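So the chains spell out like this:
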Amino acid sequence: MKKIIFTLLMSILVGCEVIPSDEYTQPYDPNEGSSERRVLLEEYTGMKCVNCPAAADQARLLERTYGDRLVSVSIHAGGFASPSGIFTQDLRTEAGTSYFENFGFVGTPMGSVNRTPYRSSIGLSPSLWGAAIDAQLTTIDEVEMEMDIAFDNQTKIYTLRCDVERLEGTTRTELSLNLWLVEDSIITPQIIPSGIDQHYIQRHVMRGALNGTWGEALDFSDSEQCSVDHTYSLPSTFDPAHCSVVAFVGERSSLRILQVTTAHLNYLK
Amino acid sequence: MQRIKRYTTSILTCLLAIISIEASAQQVSVSDSSKTRKVGKFFANSTFSGQFQTQIQYCWPDSVGDRSEYVNRFLSNSYLDLRYTSTMVDLGVRLEAYENPLPGFERDYKGFGIPYFYLTVNLGAVQITAGDFYEQFGSGLILRTYYERTLGLDNALRGGRVVARPARGLTLKVLAGQQRYYWDHSSTWVGGADAAIDFDKIFPKLNGHYLQWGASWVSKWENPTIILASPTEQLNLPRATAAFSTRLRYQNKHFTVQGEYAYKINDPSFDNNYIYKPGQALILSASYSTKGFGVTLSAKHSDNMSFRSDRDQGGRMLQINYLPAFTYQHSYSLATMYPYATQPEGEVAFQADIYYKIPKRTALGGKYGTDIRANFSRINSLDKNYENGANSPLTGTYGYRSPLFAMGDELYYQDINFDISHRFSRGFKMSLLYTNQIYNQAQIEGHATNGNLVHANIVALEATMRLSNSVSLRAEGQYLFTKQDLGDWLSALIELSLSPGLIFTLNNIYNVGETRKNYLFGSIAYSSGSHRVELSAGQQRAGITCVGGICRYVPQTNGVGISYIVNFSTR
């Protein structure tokens, strides 16, 4: 009996780790052990989602932490993104809704990091985004890509070129290129915990999939490199100063994203 | 591959049904043979029992909030529970099959397998369980693992448990395990112990007075993740988090008084914005009851008491503890339209419930008496004094301070109910419910339309008539008045019961306010012995289903369904 009580007391003592107030945080190096891979954070959100502004703040903290190595895009989808009442603007897209449904998401805020499961789930709550990004940044780089955009401010036509290279060691063969038009700084009403912010700034919002919801297949039959050229016209309602294109390469079967890049429309040309 | 999986799941579902029916049919012969068979003490008093349940649904296009994963395909949830018990052995297993999970169940459930099995050996004063098990310490403030099929919630622990009764009136429990997460298990280990003393069993002189004291401890051992406090700092997360509780309950013929206090050390989590403040909860309850009259008063303060196997998890999964909702359990559909979900970050709640039966053979009581129930509950936010101001980031800080039962200004939920029920004759009974609810939609659902607070008034009238010895009719009319959310709702239901065992139900819910949409739903249910089958068709509105303050969102559906359930036992 004494042994049992002793074992129990020891378990209770071992089961308590009180962190002193001056040790709540510890240093973090975002570059430790990382590869050249860049990471796409798809942040599913909605104007009527009260917890989404906090998720957007988390995305912003991650952007500051990881700099150019993180590309974050807000995708308005789900019930909280549907227009009603004062929320007249519809920021949903056909592609965004398809992704939301395809990955089986139910509510927002929700995010995915490179569409790669973290702790066996593709859909991640905002608190897990940092850990999932950290894990992705330390995986082997399998694809490299570059994108150039030329924008004609008179005709609103932009031409882009993507160069993609399969790196040594990758076994993935069926790859696709996805191109998204993203608009930043859209002002809309937004539900926040204290009520409604009438002039909330929606950041880096996905406005459409330029080459189809699931992108286009890349042809590596001749070499480990390939290039894709496209020309698009920017709708007149879009402000080119706030627009960019996000390009990413993913594996067609698993939908995992292997590399991502982004470029602003150079509207001064 | 997908097709093979689908067919395999279908075959398994059929097999489960066949096994169940077969076992049910054989119950008499097994029972007979077991009587004649001489068995040892280990297997004495053997009983084999089980239950099979399946629910299959087929949805039309564009009926489930445009979610294509549900339409034009069969969705089904099937369960087979098998249990063998004897004097010394209790062995159980549950098979689950989700062809495509029903609307509202997470896609993570898709598949089939055996997520639950256990073996319990009863050695008299000591009971040892290995495998999956459910357990609750006290009212569950620091540990409650349970299974709620309607919510798709199963947080069973897989590991071991020992329950010992070393002396009269003394019960000790020790356990350890990992919680179920869909088809997987959390990597976090949960361990705990509980001691309960029944003083009335130790001191027989307390005859008629029941006094119980209990104390519990639960810890979790969890690997830390990367949670950023700033671009150059991450949180120093505890690997071991403990919670303690103590409880006292006194009861005599008329009075019951009970209280439970729980404390949890620093547990930064998604639910609390990763603050280091300890959590605490206090539940107090007193009740008095006598023939025809009862009153219960209860109060709850819970502060930062969300306790999960995975600190980064939101929603309903991997909860180690249970925080009860102090609200009235409604049964009418419109009264459950705005159900309260316990707020994990904390709340202060009060509830009063009074029941009175107007005696028979009085002016108001009539021949059979009249039942009257009044209920009031109010739940507010905590009054929080933030260390660094309310608007500064919380992550990586102590957070705030909040004294016990200090109510904040924000109302989460208020519910005032008057329920009167009167039997006019042997074959005719009527009930009237009036409910006034204030529901903080922004806080509870994370969105709101036409204001954060929904003010709803609901009236429900129900009549039950026995038309003959084998025919009875139940009719229900409800109206919900509100200027918020989707506006007013109207509901009408008629239910015809033909004994033995046949029930026809037709229900229509109509949105009078914004959408002006009808949700017409009908069903035919037939029960015979331990079998029950139900066919249904029609539209069901999107809504939130709650059981005890734990909720699940169910999308709108339009289609047909069949459900079947059978219980079987060799005894």
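Scoring rules and cut-offs
Residues numbered from 1 in each chain as written. Chains lettered and ligands numbered in written order. Predicted model: local features only at pLDDT ≥ 70, side-chain atom pairs only at ≥ 80, totals over all residues. Heavy atoms only, no water. Disulfide = S-S within 2.5 Å. Buried < 20%, exposed > 50% of the residue type's maximum accessible area, 1.4 Å probe, protein only. Helix = DSSP H or I, 4+ residues; strand = E, 2+ residues; numbered from the N terminus. Expected span 1.5 Å × (residues − 1). Contact = heavy atoms within 4.5 Å. Core = buried A, V, L, I, M, F, W, Y, C linked by side-chain atoms within 4.5 Å. Patch = residues over 30% accessible without salt bridge, like charges linked within 9 Å, V, L, I, M, F, W, Y side chains within 5 Å. Areas by Shrake-Rupley, 256 points an atom, 1.4 Å probe, with all protein chains shown as cover. Salt bridge = Lys/Arg side-chain N within 4 Å of Asp/Glu carboxyl O. Polar contact = N/O pair within 3.5 Å; in protein donor to acceptor, adjacent residues only side chain to side chain. Nonpolar A, V, L, I, M, F, W, Y, C, P; charged D, E, K, R; others polar. Pairing = 2+ DSSP bridges. Axes fitted to C-alpha atoms, helices over the stretch in contact; angles between N-to-C directions.

J.: Give me the lowdown on the state of the cysteines, citing residues and values where you can.
T.: All names here are of chain A. Considering all chains together, one arrives at one disulfide over all chains under this definition. Each disulfide pairs two cysteine sulfurs, and for Cys 49 the partner residue is Cys 52, the sulfurs being separated by 2.2 Å. Negative torsions about the S-S bond denote left-handed disulfides, and the value of about 85° found for Cys 49 with Cys 52 makes this one right-handed. Assessed through its relative accessible area of 1%, Cys 52 is described here as buried.

J.: Explain helix H2 (residues 52-66) of chain A residue by residue, including any values.
T.: Between its first and last C-alpha atoms H2 of chain A spans 21 Å; for 15 residues at 1.5 Å apiece the expected length is 21 Å, and the two agree. Listed as buried for H2 of chain A are Cys 52, Pro 53, Ala 55, Ala 56, Gln 58, Ala 59, Leu 61, Leu 62, Glu 63, Thr 65 and Tyr 66 of chain A. Structurally, H2 of chain A contributes buried residues whose contacts are with strand E2 (39-45), strand E3 (70-76), helix H4 (126-137), strand E8 (186-192) and strand E9 (195-202) of chain A together with strand E13 (228-230) of chain B. Looking at the residues trailing H2 of chain A, positive phi occurs at Gly 67 of chain A, about 55°.

J.: Give me the nonpolar core: which residues, what numbers.
T.: Ranked by size, the top nonpolar core spans 38 residues in total, and within it Leu 143, Val 218, Leu 334, Tyr 338, Tyr 340, Leu 480 and Trp 489 of chain B carry the most contacts. Elements with a minimum of two residues in this core: strand E17 (279-290), strand E23 (407-425) and strand E25 (453-466) of chain B. With three residues, the single largest contributor to this core is E25 of chain B. Not counting chain neighbours up to four residues away, the residues in contact with Leu 480 of chain B comprise Leu 334, Met 337, Tyr 338, Ala 456, Asn 457, Ile 458, Gly 487, Asp 488 and Trp 489 of chain B. In terms of nonpolar packing, the next biggest core, distinct from the first, is built from 27 residues, Cys 162, Phe 220, Cys 226 and Val 228 of chain A among them.

J.: Which residues make up helix H3 (residues 94-102) of chain A, and what values do they have?
T.: All names here are of chain A. Regarding H3, the residues found buried are Ala 95, Gly 96, Tyr 99, Phe 100 and Glu 101. Lining the buried residues of H3 we find E2, E3, strand E7 (175-183) and strand E10 (205-209). Immediately downstream of H3, the backbone of Gly 104 shows phi near 75°, a positive value.

J.: Can you tell me about a nonpolar patch on the surface, naming the residues and giving the values?
T.: All names here are of chain B. A cluster of nonpolar residues, Tyr 356, Ile 372, Phe 418, Ile 420, Leu 432, Tyr 434, Val 459, Leu 461 and Phe 481, forms a patch on the protein surface that exposes about 730 Å² of accessible area. Contributions of two or more residues to the nonpolar patch are made by E23, strand E24 (428-440) and E25. The exposure class assigned to Phe 418 is partly exposed, which follows from its relative accessible area of 46%.

J.: Outline the side chain of Ser 125 of chain A, supporting the account with residue identities and numerical values.
T.: Looking at the element boundaries, Ser 125 of chain A is found in the loop between strand E4 (110-113) and H4. Not counting residues up to four positions away in its chain, the partners in contact with Ser 125 of chain A are Met 110 of chain A together with Phe 270 and Asp 312 of chain B.

J.: So what's going on with the interface of chain A and chain B? Residues and values would help.
T.: Quite often, the size of an interface is put as the accessible area lost when its parts meet. Taken together, the contact between chain A and chain B spans 45 residues of the former and 48 residues of the latter. Counting across the interface, chain A meets chain B through two salt bridges. Of the charged contacts, one joins Arg 119 of chain A and Asp 312 of chain B as a salt bridge, the two residues approaching to 3.0 Å between their closest N and O atoms. The interface formed by chain A and chain B contains 16 residue pairs in polar contact (both at pLDDT 80 or more). Of all the secondary structure elements, the ones that give two or more residues to the side of chain A that touches chain B are helix H1 (2-14), strand E1 (25-27), H2, H3 and H4 of chain A. With six residues, H4 of chain A is the single largest residue contributor to the side of chain A that touches chain B. Residue classes in the side of chain A that touches chain B are distributed as 26 nonpolar, twelve polar and seven charged.

J.: Run through the sheet that holds strand E12 (residues 225-233) of chain A, naming residues and quoting values.
T.: Residues and elements named next belong to chain A. Judged by pairing direction, the sheet is antiparallel, and its three strands sit side by side in the order E5-E6-E12 without closing on themselves. A single partner strand is all that each edge strand has here, and the edge strands are strand E5 (143-152) and E12. Pairs of neighbouring strands in the sheet enclose a mean axial angle of 15°, with direction left out of account.

These figures come from the coordinates and say nothing about function on their own.
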